Amino acid sequence: MQEAMIKRAKELLTDGSVKRVIGWKRGEFAYDITPAVFESAEELDKDFVFDDFTSANVSKYLVKESKKEGKVLVFLKPCDTYSLNQLTKEHRVDRDNIYVIGIPGGPKLDIEKIKAKGITGILSVKNDNYTLKIETLYGEETMPFSEAILDKCASCKSKKHVTYDELIGEDGDVLDSDRFDMVEKLENMTAQERYDFWREQLSKCIRCNACRNVCPACTCEKCVFDNPNSGVENKAASDSFEENMFHIIRAFHVAGRCTDCGECSRVCPQNIPLHLLNRKFIKDINSLYGEYQAGADTTSRAPLTDYTADDCEASIVHERGAE
Amino acid sequence: MLKISLSRLEELFAAIAEKQTLYIPSDRADGAAEFTKWEPGKALTQKLNTLRSAKDFFFPQTENIVDFKMEGKNIQVIDQRSEHEDFVIFGVRPCDARSFTILDKVFLSEPVDSFYKNRRDHGTVVTMACSRPAETCFCGTFGIDATEPEGDAACWSDGEDLFIKANNDKGQAFVDSISSLLEEGDTAKLDQVKAKTKEILSRLPLANLSTATFGGDTLNEHFNSEKWAELSESCLGCGTCTFVCPTCQCYDIKDFNTGNGIKRFRCWDSCMYSDFTKMAHGNPRTSQLERFRQRFMHKLVYFPANNNGEFGCVGCGRCLSKCPISMNIVKVMKALEVK
């Protein structure tokens with residue numbers, strides 16, 4: 001797959017169809033891959049990589065890159081195409097200036113899950129028929145591929161590319177995923193249990209803003225939390241609940257726009273399952289307004305910015321909250 | 001060397017905690033290790049290092065400095081400083097131990113930061129030598145020997161016993177305070193463990209990373225390098241690297257109107273943030289490229305320029321593991337050293 005991608009990218013660069021290519025650049029180790037912009041065949045040959053660790057969703061870089069002169073080629077996995085559609089819908093990217101090649105999705109691997117097994121000194125990771133063979137400074141280790149799958153891939157919602165200009169490999173279908181199982185578990189807790197769960201998780205927050213900065217739905221020119229004139233701009237929490245509020249407000253702000261790409265939880269250095277907040281909103285929107293998937297298309301009206309006579313009454317929130 | 005059987009660690013911790021508050025690295029529910037207050041039953045982590053560094057003990061992420069209360073034309077200034085109780089941090093790794101030396105150069109040089117000094121005076125750092133370094137480790141690049149840790153007192157494990165040695169007077173007082181539990185032990189097995197660790201350290205993927213092309217006199221060539229554009233291109237501008245870093249020391253001081261008086265607080269700042277060093281006239285670094293460059297120039301050029309050649313990094317590898325886009329000081333050094 002990697003060779004086919006490099007070959008096609010070189011063709012499109014050479015014939016002048018595109019000026020730049022967004023993809024992934026290999027790192028020092030097997031897993032530390034960086035999203036990158038490639039501008040020449042030499043760069044592609046030297047550093048372009050597509051493997052089990054190229055999990056980063058590169059669609060957000062298009063906000064900046066699509067505004068530059070000349071077309072930009074981007075390789076998008078199925079989940080990433082939802083993000084691009086949503087950005088297109090919100091007029092945050094210039095879709096006409098983007099050439100999308102759809103590529104197969106995961107499941108991708110989570111190096112943290114490999115390290116959590118006590119495996120360290122990792123020199124290489126090979127997928128041998130769904131057994132990971134890991135060469136380390138301390139000898140070879142093996143573990144099942146299935147136990148190292150990224151959370152966002154483990155509950156994959158779709159193998160379908162919702163926007164592309166060409167495909168390498170085959171397109172898939174929208175899947176029946178179990179992505180709302182944990183949300184249901186949280187819903188079935190008592191209010192106190194749920195509160196305790198989120199307090200434990202969110203109190204780990206170090207306010208690094210990685211979740212916000214990686215999020216394709218967070219593209220405000222100036223975030224309210226970075227704006228000294230907003231009155232809420234602070235690098236420090238004024239009380240022990242402020243980090244919780246930060247995440248609750250952010251979840252509200254992306255409600256109805258979050259495509260559930262899972263990047264927030266992937267990048268959180270403190271392992272906070274932030275995607276569960278977004279999934280709760282998605283699940284509620286589905287049940288209160290009818291099935292809706294943000295990013296599935298670029299033209300439909302989103303439930304939270306639309307009005308129909310069938311909309312649920314506001315009191316539903318109050319009724320459901322009573323316990 | 002003095003030693004205690006590893007099977008008696010709980011007893012050792014109890015003895016320390018009887019006299020002072022004890023913090024050890026232990027596993028939390030999600031599997032990550034973090035420094036927590038020891039209480040009976042709390043076990044030392046088997047992980048190489050804590051997710052966050054140990055700098056919080058001396059330089060916390062946030063702290064209140066002073067309160068102002070106004071009544072009519074009177075302003076009352078309330079000093080928030082409190083004398084800290086003595087405490088012990090056990091199990092600090094050699095990289096983090098060196099980070100305190102670096103922070104000391106910033107906070108204990110004139111004018112002395114009395115908040116920091118207060119905590120340094122009350123804390124005893126007990127280090128733990130490494131025996132299973134990770135691929136992301138590169139402390140050797142900065143002259144740190146992971147088998148001979150600094151700190152007030154240092155510990156080693158040979159798999160059966162914990163060996164302990166004082167490095168200074170404070171460390172000696174600590175060792176004396178637990179001497180009834182310790183006995184003289186033979187270090188033959190420990191010497192083997194150390195030799196094996198040294199052999200692994202020499203084979204680490206980053207073992208050959210060198211600071212030779214960096215330092216205080218390399219400012220112009222690096223500052224003007226064309227590489228910064230490409231290196232900073234995919235940076236998200238989040239603060240993960242700076243907040244997990246044991247040596248990042250930049251802070252912001254602000255006044256906060258509580259509605260019932262003013263609180264002046266200090267908190268960690270991050271050069272990655274858009275309002276970093278924002279002053280009345282504006283922001284001196286308006287692009288992510290400039291802010292990104294600042295982080296690495298500070299550690300590799302400005303800090304050694306002002307501190308007799310000492311670099312502002314200890315090679316703990318946290319930023320290598322935690323950066324959401326896997327851009328880090330190693331990649332920057334390797335890119336810049338190529339002419």
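Since the structure is predicted, the reported quantities are computational estimates derived from the model, not experimental observations. (Residues numbered from 1 in each chain as written. Chains lettered and ligands numbered in written order. Predicted model: local features only at pLDDT ≥ 70, side-chain atom pairs only at ≥ 80, totals over all residues. Heavy atoms only, no water.)

This paragraph deals with the side chain of Arg-291 of chain B. Residues and elements named next belong to chain B. Within the secondary structure, Arg-291 sits in helix H9 (residues 288-306). Although Arg-291 is buried, it makes no salt bridge; Glu-290 carries the closest opposite charge, 6.3 Å away. Dropping the residues within four chain positions of it, Arg-291 is found in contact with Cys-271, Met-272, Tyr-273, Ser-274, Arg-285 and Thr-286. (Helix = DSSP H or I, 4+ residues; strand = E, 2+ residues; numbered from the N terminus. Buried < 20%, exposed > 50% of the residue type's maximum accessible area, 1.4 Å probe, protein only. Lys, Arg positive; Asp, Glu negative; His and termini not counted. Salt bridge = Lys/Arg side-chain N within 4 Å of Asp/Glu carboxyl O. Contact = heavy atoms within 4.5 Å.)

Moving on, we get to a nonpolar patch on the surface. On the surface, a nonpolar cluster with roughly 320 Å² of combined accessible area is contributed by Met-70, Ile-75 and Val-77 of chain B. Its location among the elements puts Val-77 of chain B in strand E5 (residues 74-79). (Patch = residues over 30% accessible without salt bridge, like charges linked within 9 Å, V, L, I, M, F, W, Y side chains within 5 Å. Areas by Shrake-Rupley, 256 points an atom, 1.4 Å probe, with all protein chains shown as cover.)

Let us look at helix H1 (residues 2-14) of chain A. Residues and elements named next belong to chain A. Taking 1.5 Å per residue, 13 residues should reach 18 Å; H1 reaches 18 Å between its end C-alpha atoms and fits that length. Among all positions in H1, only Gln-2, Met-5, Ile-6, Ala-9, Leu-12 and Leu-13 are buried. An end-on view of H1 places all buried positions within 130° of arc, on one side of the element. Residues Glu-3, Lys-7 and Thr-14 are exposed on H1 and point more than 90 degrees away from its buried face. Next to the buried residues of H1 lie strand E1 (20-25), helix H2 (41-47), strand E3 (72-76), strand E4 (98-102) and strand E8 (166-167). (Expected span 1.5 Å × (residues − 1). Arc of directions from axis to C-beta.)

A few words now on the pattern of salt bridges. Residue and element names in this part refer to chain A. Enumeration according to the criterion identifies 53 salt bridges over all chains in this entry. Among the salt bridges present, the one from Glu-65 reaches Lys-68, with a minimum N-O distance of 3.0 Å. Classification of Lys-68 by relative accessible area gives partly exposed; the value is 34%. For Glu-187, the salt bridge is made with Lys-280, and the minimal N-O distance between the two is 2.8 Å. With Glu-187 in helix H7 (residues 181-187) and Lys-280 in helix H12 (residues 275-289), this pair connects stretches of sequence that are 93 residues apart. Among the residues examined, Glu-187 registers a relative accessible area of 27% and is labelled partly exposed. The network of salt bridges with shared partners includes Lys-7, Arg-8, Glu-11 and Glu-166.

All names here are of chain A. Taken together, the 5 strands give an open sheet; going across it, the order is E2-E1-E3-E4-E8, and neighbouring strands pair in mixed fashion. Of all the strands in the sheet, just strand E2 (34-38) and E8 have a single pairing partner and so form its edges. As paired strands, E4 and E8 are joined by 2 bridges and run parallel to one another. Paired with Ile-101 across the bridge in E8 is Glu-166. (Pairing = 2+ DSSP bridges.)

What follows is about the domain arrangement of chain A. All names here are of chain A. Domain parsing of chain A yields domain 1 (1-108 + 156-176), domain 2 (111-148) and domain 3 (178-323). On a C-alpha basis, the centres of domain 1 and domain 3 stand 27 Å from each other. Opposite the 18 residues of domain 1 that make contact, domain 3 presents 25 residues. Taken together, the two surfaces of domain 1 and domain 3 that pack against each other cover about 1700 Å², and 48% of this comes from carbon and sulfur. If you sort the residues of domain 1 by the area they bury against domain 3, Lys-60, Lys-89 and Lys-157 come out on top, with a joint share of 35%. Counting the contacts that link domain 1 with domain 3 gives 3 salt bridges. Residue Arg-257 is joined to Glu-90 by a salt bridge in which the shortest nitrogen-to-oxygen separation is 3.0 Å. Summed over the shared surface of domain 1 and domain 3, the result is 13 residue pairs in polar contact (both at pLDDT 80 or more). At 7 residues, helix H4 (residues 78-89) tops the list of elements feeding residues into the side of domain 1 that touches domain 3. (Domains from an automatic or database assignment. Buried area = accessible area lost by both parts, 1.4 Å probe. Polar contact = N/O pair within 3.5 Å; in protein donor to acceptor, adjacent residues only side chain to side chain.)

Looking at the secondary structure, you find Gly-237 of chain B in the loop between helix H7 (227-232) and helix H8 (240-244). Exposure remark for Gly-237 of chain B: the relative accessible area of 8% places this residue in the buried category. Taking the C-alpha atoms as reference, Gly-237 of chain B lies 19 Å from Met-333 of chain B; in sequence the two are 96 residues apart. In contact with Gly-237 of chain B, other than residues within four places in its own chain, are Asn-213 of chain A together with Met-272, Tyr-273 and Gln-288 of chain B.

Let us now look at the packing of aromatic side chains. For any pair of aromatic rings, the description rests on two quantities: the centre-to-centre distance and the angle between the ring planes. Evaluated as defined, the whole model comprises 29 aromatic pairs over all chains. Geometrically, the ring pair formed by Phe-29 of chain A and Tyr-31 of chain A is stacked, given 5.6 Å between the ring centres and 25° between the ring planes. Tyr-31 of chain A gets classed as buried once you look at its relative accessible area, which sits at 8%. Residue placement shows Arg-266 of chain B over the ring face of Tyr-251 of chain B; its charged tip is 4.6 Å from the ring centre. (Phe/Tyr/Trp six-rings, centres within 6.5 Å; stacked < 30°, edge-to-face > 60°. Lys NZ or Arg CZ within 6 Å of the ring centre and 35° of its normal.)

Residue and element names in this part refer to chain B. One ladder, built from 4 bridges, connects strand E1 (residues 2-5) with strand E9 (residues 161-166); its direction is antiparallel. Along E9, the bridge assignment pairs Leu-2 with Ile-164. Alignment of strand E8 (residues 153-157) against E9, held across 5 bridges, turns out to be antiparallel. Residue pairing in the sheet places Ala-153 in a bridge with Ala-166 of E9. A loop of 3 residues connects E8 with E9, the two strands running antiparallel in sequence, and Gly-159 in this loop sits at a positive phi of about 100°.

Bringing H4 of chain A into the picture now. All names here are of chain A. Across its 12 residues, H4 extends 17 Å between first and last C-alpha, which sits within 8% of the 16 Å expected from 1.5 Å per residue. Counting buried positions over the 12 residues of H4 gives 12, a clear majority of the element. Contacts from the buried residues of H4 go to helix H3 (61-65), E3 and E4. Just beyond H4, the residue with positive phi is His-91, at close to 60°.

For the rest of this paragraph, the subject is the side chain of Gln-61 of chain B. Looking at the secondary structure, you find Gln-61 of chain B in the loop between strand E3 (33-37) and strand E4 (62-71). When its relative accessible area of 14% is taken as the criterion, Gln-61 of chain B is described as buried. Among the polar contacts made by the side chain of Gln-61 of chain B, one reaches the main-chain carbonyl oxygen of Ile-206 of chain A at a distance of 3.0 Å. At 3.2 Å, the side chain of Gln-61 of chain B and the side chain of Arg-52 of chain B are in polar contact. Residues contacting Gln-61 of chain B, with those up to four places away along its chain left out, are Ile-206 of chain A together with Arg-52, Asp-56, Phe-243, Arg-266, Cys-267 and Trp-268 of chain B.

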